[in-house]
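Chain by chain, the residues run as shown.
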Amino acid sequence: MKYHPIDNRLFIKNRKNFMAQMKPSSLAVFNSNDIYPISADSTMPFQQHRDIFYLSGVDQEESILVLFPDAPKENHREILFLKETNEHIAIWEGEKLTKEAAFKTSGIKTVYWLQDLEKVMFELMTQCDTVYINTNEHYRASVETETREDRFTKWLKDKYPAHAVAKSNPILQRLRSVKDQIEIDLIQQACTITEKGFRRVLNFTKPGVWEYEIEAEFMHEFLINRSKGFAYTPIIGSGNNANVLHYIENNQQCKDGELILIDAAAEYANYSSDMTRTIPVSGKFSQRQKDVYNAVNRVKNEATKMLVPGTDWAEYHKEVGKIMTSELLGLKLLDKADVENENPDWPAYKKYFMHGTSHHLGLDTHDYGILTEPMQANMVFTVEPGIYIPDEGFGIRLEDDVVIQEHGEPLNLMKNIPIEAEEIEDLMNK
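Computed from a predicted structure; not experimentally measured.

Participant: Give me the UniProt feature "domain: Aminopeptidase P N-terminal" (unreviewed entry) in the protein: which residues, what numbers.
Facilitator: Look at the UniProt record and you will see "domain: Aminopeptidase P N-terminal" (unreviewed entry) annotated at residues 6-142. Within residues 6-142, the helical portion is 30% and the strand portion 20%, while the C-alpha atoms at the span's ends are 31 Å from each other.

Rendered as structure tokens:
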């Protein structure tokens, strides 16, 4: 891995918190992701399943974690099953985790090779009544592929049909949404790498550059700072491309007078950052562009203040909508009649700001978190309002990542990334 080793106290604590919420006489299983094929002998780069990483720190394919807090044998309360390394694998792929390295990474003492899985699982299953399976219940999930986790669940339920089944996901949704300080530090590192990429791009951008060249500048900076690269597929949208919310082609030339919407950020140690900035190709905003830009920035700043413990996610978005409506009236994009006659299910402001303002951030860019429950301290959220005006040929979105505090306004992990219009102009014209 490119990233520095993570203090295994994080994973020890995460397992302890998870097991404290398990039913008596129960066992939980977590699988690594598959390495997904492309065609012939090509594969996609491996991405570890975030749940097994969260609970163990193991960042390797064909790994399984078993938690059994009531196991009669103390050494069976936490178990890792790993693919056994050998000389052939070491030569062709590089060494896999040894038992000693797995302990150092995870803090788990009991490590078996995968060939022992069925034998050990038989013993464990005779000693428990309930098995926790790990299903994906994220509110944005749309999965068509049968995962390694799915196949294991089928095998387990078929082989042990008399066991009660429980779900790991509700426990993980709550645990993962509230960050440990070690996690916040890792997200901060991802944000710091993103800052370096953005400052590089400010120096690079000028009329005539191509969107993909800007993407390449980010990637260069991310890789030399121990990131695997982008936390999500980057959006580099110049001109009217900014009005396509998920524009990812990044293949157009950036022209004088246009704005470029940049939604691109680094990952670090599997933790995501998520940044959006909008910059002028020429290094100078027009007055109209600056007026809209400053309106979006004001909405972002006011929305951020509302992210405090106890805030309801749905009510928060309604309040942000009111602030945005006021700004759109000031920009003459809406008039009083538009607001008075609006559909409550699709308010007038949605014509220009049609997406949400905030989502959880962490091991996933759209991270775990139960949106019907109040916000808590140490949750990490994005704040990302936007105004999109196809008729005027530009769209503006601004986005920072913030940590909810026990008291007061959130901590902005992107406070060092330039955002004020004048600062952007100054840096681009140095």
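Participant: Describe the pattern of salt bridges, listing the residues and the values that go with them.
Facilitator: Once their charged atoms are close, side chains differing in charge can pair, the charge on each being opposite to the other. Counting across every chain of the model gives 29 salt bridges. A salt bridge links Arg9 to Asp7; the nearest nitrogen and oxygen atoms lie 2.6 Å apart. Residue Arg9 is classed as exposed on the basis of its relative accessible area, which comes to 58%. The partly exposed category is assigned to Asp7, whose relative accessible area is 30%. Between Arg288 and Glu392 there is a salt bridge; the shortest N-O distance is 3.0 Å. Residue Arg288 is located in helix 10 (residues 287-305), and its partner Glu392 is located in the loop between strand 15 (386-389) and strand 16 (394-397); the two are separated by 104 residues in the primary sequence. Arg288 gets classed as partly exposed once you look at its relative accessible area, which sits at 28%. For Glu392, a relative accessible area of 35% corresponds to the partly exposed category. Where salt bridges share partners, they join Asp51, Arg176, Lys179, Asp364 and Asp367 into one cluster.

Participant: Report on the packing of aromatic side chains, specifying residues and quantitative values.
Facilitator: Applying the stated criterion across every chain, the model contains 13 aromatic pairs. Between Tyr3 and Tyr268, the aromatic rings sit 6.4 Å apart at their centres with planes inclined by 70°, giving edge-to-face as the arrangement. Of the two residues, Tyr3 is situated in the segment before helix 1 (9-19) and Tyr268 in strand 11 (residues 267-268); the sequence distance between them amounts to 265 residues. For Tyr3, a relative accessible area of 13% corresponds to the buried category. Judged by centre distance (5.8 Å) and plane angle (25°), the rings of Trp210 and Tyr212 are stacked. Classification of Trp210 by relative accessible area gives partly exposed; the value is 30%. Tyr212 gets classed as partly exposed once you look at its relative accessible area, which sits at 42%. Taken together, the aromatic side chains of Phe18, Phe30 and Tyr132 make up a single cluster linked through ring pairs. Its end group placed over the ring of Tyr368, Arg176 keeps NZ or CZ at 3.7 Å from the ring centre. The side chain of Lys350 reaches across the aromatic face of Trp346, ending 5.5 Å from its centre.

Reading guide: rules and limits
Residues numbered from 1 in each chain as written. Predicted model: local features only at pLDDT ≥ 70, side-chain atom pairs only at ≥ 80, totals over all residues. Heavy atoms only, no water. UniProt positions renumbered as here; feature names shortened; annotations may be inferred. Helix = DSSP H or I, 4+ residues; strand = E, 2+ residues; numbered from the N terminus. Salt bridge = Lys/Arg side-chain N within 4 Å of Asp/Glu carboxyl O. Buried < 20%, exposed > 50% of the residue type's maximum accessible area, 1.4 Å probe, protein only. Phe/Tyr/Trp six-rings, centres within 6.5 Å; stacked < 30°, edge-to-face > 60°. Lys NZ or Arg CZ within 6 Å of the ring centre and 35° of its normal.

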